[in-house]
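Single-letter residue listing:
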Amino acid sequence: MSAAAPMPTLMLVPTGIGCAIGGYAGDALPSARLLAAASGCLITHPNVLNGASLYWSDPRIHYVEGYGLDRFAAGEWLLRPVRRQRIGLLLDAGIEPELAQRQIQVAEACRATLGLEIGPVLSTDVPLGVHLEQGASGASWGSLERPDALLRAGERLRNAGATAIAVVARFPEDPQSAELAAYRQGSGVDALAGAEAVISHLLVRHLQIPCAHAPALGPLPLDPHLDPRAAAEELGYTFLACVLVGLSRAPDLVPAGQGMVEGNGLRADQLGAVVVPEGALGGEALLAAVARNVPVIAVANPSVLAVTPQALGMAEAVLPAASYCEAAGLVLALREGLAPASLQRPLPRLS
């Protein structure tokens, strides 16, 4: 008998909430690769896949920015796989010249060594003015002083032929802060992630093309006690390489009303499972999937949130998993048409 057909699966690790797996740059990549192998088709967002200078290309994994992923899960947008995207590079006018040149050199390196199609490169007409904030829960978020400048530059890139956009904004930094020291040593929340999500959400909502963000920051002093999960963020001068690789084959975002040739895209009604941290079940994509009766696999992956199946009154509708290894087993069972309950003991009687 031939192998089961791929089962599109959504993997969510919300940004800026300090997940034990996925709270750092690219540390959820091994879990994503495992789920891609189990499902044959994994749809996830840049927070899961971006590893700064590190990345992993897999044709079974679809790189979809969070706002686009929400629209897909709601059935409003379809995902159309492509062979390549032409990536426009959008630089914040607030980036110092030497640091901006580092970003351009990363783009040149990706053209020369990976064969990516990149260009044009444009700067915003005024600095974006990124501000970082932290909520009462400990989750990070942020704001822009000049979102209008971001959107204008995005429009210029799209009009110049870019089919995807990588944006690099200058982020405030305090190398001596206690919060940064704790994060580098394996505790706390990524202070940048929430603001990054704001930037990419704005562009995708406005332009309806794939976009992702990399922060512009100065290099940090060597820390001999660095947590392994933080190491990917300290390998080079920029975080841009993984974004360019991810966007290079990110699927097109197609409004559902336009339709697509059968077999040439992904629709929300094809989803076979959603994998999400057990304490982060309140997101728009997850709730849209629940409304469609898509099986939800809640993985033990602690964060600063506590939006649990019990808190939402849906504990009986969720499949618990102690790890992403167990979640992959449940995905594979669903893909093969096995009832997950049949794998448990004792097996309840029907009457």
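Residues numbered from 1 in each chain as written. Predicted model: local features only at pLDDT ≥ 70, side-chain atom pairs only at ≥ 80, totals over all residues. Heavy atoms only, no water.

Novice: Go over the pairing of strand β7 (residues 130-134) with me, naming the residues and quoting the values.
Specialist: With five bridges connecting them, β7 and strand β8 (residues 140-144) associate as antiparallel partners. Considered in β8, the bridge of V130 is made with L144. Counting the residues between successive antiparallel strands, the hairpin from β7 to β8 contains five residues, one of them, G138, with a positive phi of roughly 105°. (Pairing = 2+ DSSP bridges. Helix = DSSP H or I, 4+ residues; strand = E, 2+ residues; numbered from the N terminus.)

Novice: Give a description of helix α5 (residues 147-159) that names residues and reports values.
Specialist: For α5, spanning 13 residues, the distance from its first C-alpha to its last is 18 Å, which sits close to the expected 18 Å at 1.5 Å a residue. Looking only at α5, the buried set comprises A149, L150, L151, A153, G154 and L157. Lining the buried residues of α5 we find β5 (86-91), β6 (117-123), β8, β9 (164-170) and α7 (193-207). Residue G161 follows α5 closely and has a positive phi angle near 110°. (Expected span 1.5 Å × (residues − 1). Buried < 20%, exposed > 50% of the residue type's maximum accessible area, 1.4 Å probe, protein only. Contact = heavy atoms within 4.5 Å.)

Novice: Break down the side chain of H45 for me, citing the residues and quoting the values.
Specialist: Within the secondary structure, H45 sits in the loop between β2 (42-44) and α2 (46-49). Take H45: its relative accessible area is 9%, and that puts it in the buried class. A distance of 3.0 Å separates the side chain of H45 from the backbone nitrogen of V13, its partner in a polar contact. Beyond its immediate stretch of four places on either side in the chain, H45 contacts M11, L12, V13, P14, T15, V64, G66 and L69. (Polar contact = N/O pair within 3.5 Å; in protein donor to acceptor, adjacent residues only side chain to side chain.)

Novice: Residues and numbers for the pattern of salt bridges, please.
Specialist: Counted according to the given criterion, the structure contains 13 salt bridges. A salt bridge links E76 to R71, with the nearest nitrogen and oxygen atoms 2.7 Å apart. According to the relative accessible area criterion, E76 is partly exposed, its value standing at 40%. When the shortest N-O distance is used, the salt bridge between R152 and D125 registers 2.9 Å. In this pair, R152 is assigned in helix α5 and D125 in the loop between β6 and β7, connecting sequence segments 27 residues apart. Of the residues examined, R152 reaches a relative accessible area of 33% and is grouped as partly exposed. For D125, a relative accessible area of 46% corresponds to the partly exposed category. Connected through salt bridges with shared partners, the residues D125, R146, D148 and R152 form a single ionic network. (Salt bridge = Lys/Arg side-chain N within 4 Å of Asp/Glu carboxyl O.)

Novice: Now, about the side chain of R170: what can you tell me, with residues and values included?
Specialist: Tracing the backbone through its elements, the reader meets R170 in strand β9. Look at R170 and you get buried, because its relative accessible area is 18%. At 2.8 Å, the side chain of R170 and the side chain of E173 are in polar contact. Apart from residues no more than four positions distant in its own chain, R170 is found in contact with D92, G94, I95, E96, L99, V130, A216, L217 and G218.

Novice: Could you give me a rundown of the packing of aromatic side chains, with the residues and numbers involved?
Specialist: The final tally for this structure, using the stated rule, is one aromatic pair. Note on Y67 and W77: the rings are 5.8 Å apart at their centroids and 75° apart in plane angle, and the pair reads as edge-to-face. With a gap of 10 residues between them, Y67 in helix α3 (residues 66-73) and W77 in strand β4 (residues 77-80) connect regions that are remote in the sequence. The ring of Y67 carries R71 above its face, with NZ or CZ at 5.1 Å from the centroid. (Phe/Tyr/Trp six-rings, centres within 6.5 Å; stacked < 30°, edge-to-face > 60°. Lys NZ or Arg CZ within 6 Å of the ring centre and 35° of its normal.)

Novice: An account of the environment of C211 is requested, with residue identities and associated values reported.
Specialist: Secondary-structure assignment places C211 in strand β10 (residues 211-216). Using a relative accessible area of 2% as the deciding quantity, one classes C211 as buried. Residues C211 and L271, spaced 60 residues apart in sequence, show a C-alpha to C-alpha distance of 23 Å. Filtering out sequence-adjacent residues up to four positions away, C211 remains in contact with E65, I165, S200, L203, V204 and L247.

Novice: An account of the sheet that holds β10 is needed here, citing residue identities and associated values.
Specialist: Sheet architecture is open: four strands sit in the order β6-β5-β9-β10, paired in parallel fashion. Of all the strands in the sheet, the pair left with one neighbour each is β6 and β10. The sheet shows a mean angle of 20° between the axes of neighbouring strands, taken without regard to direction. Two strands pair when backbone bridges link them, and β9 and β10 are joined in this way by six bridges, in the parallel orientation. The residue of β10 that forms the bridge with V167 is H213. With respect to the sheet, α5 is in contact with β5, β6 and β9, its orientation differing from that of β5 by roughly 150°. Packing of helix α8 (residues 240-248) onto the sheet brings it into contact with β5, β6, β9 and β10, and relative to β9 it is tilted by some 160°. (Axes fitted to C-alpha atoms, helices over the stretch in contact; angles between N-to-C directions.)

Novice: Describe in detail the pairing of β6, supporting the description with residues and values.
Specialist: In this structure, β5 lies alongside β6, joined through five bridges in parallel fashion. Bridge pairing in β6 places L91 opposite S123. Taken together, β5, helix α4 (residues 97-114) and β6 constitute a β-α-β crossover, and its handedness is right-handed. (Right-handed = clockwise from strand over helix to strand, strands pointing away.)

Novice: So what's going on with the environment of V106? Residues and values would help.
Specialist: Structurally, V106 can be placed in helix α4. A relative accessible area of 17% means that V106 is categorised as buried. On a C-alpha basis, the gap between V106 and M7 in space is 35 Å, while along the polypeptide they are 99 residues apart. Dropping the residues within four chain positions of it, V106 is found in contact with T238, L240, A241 and L244.

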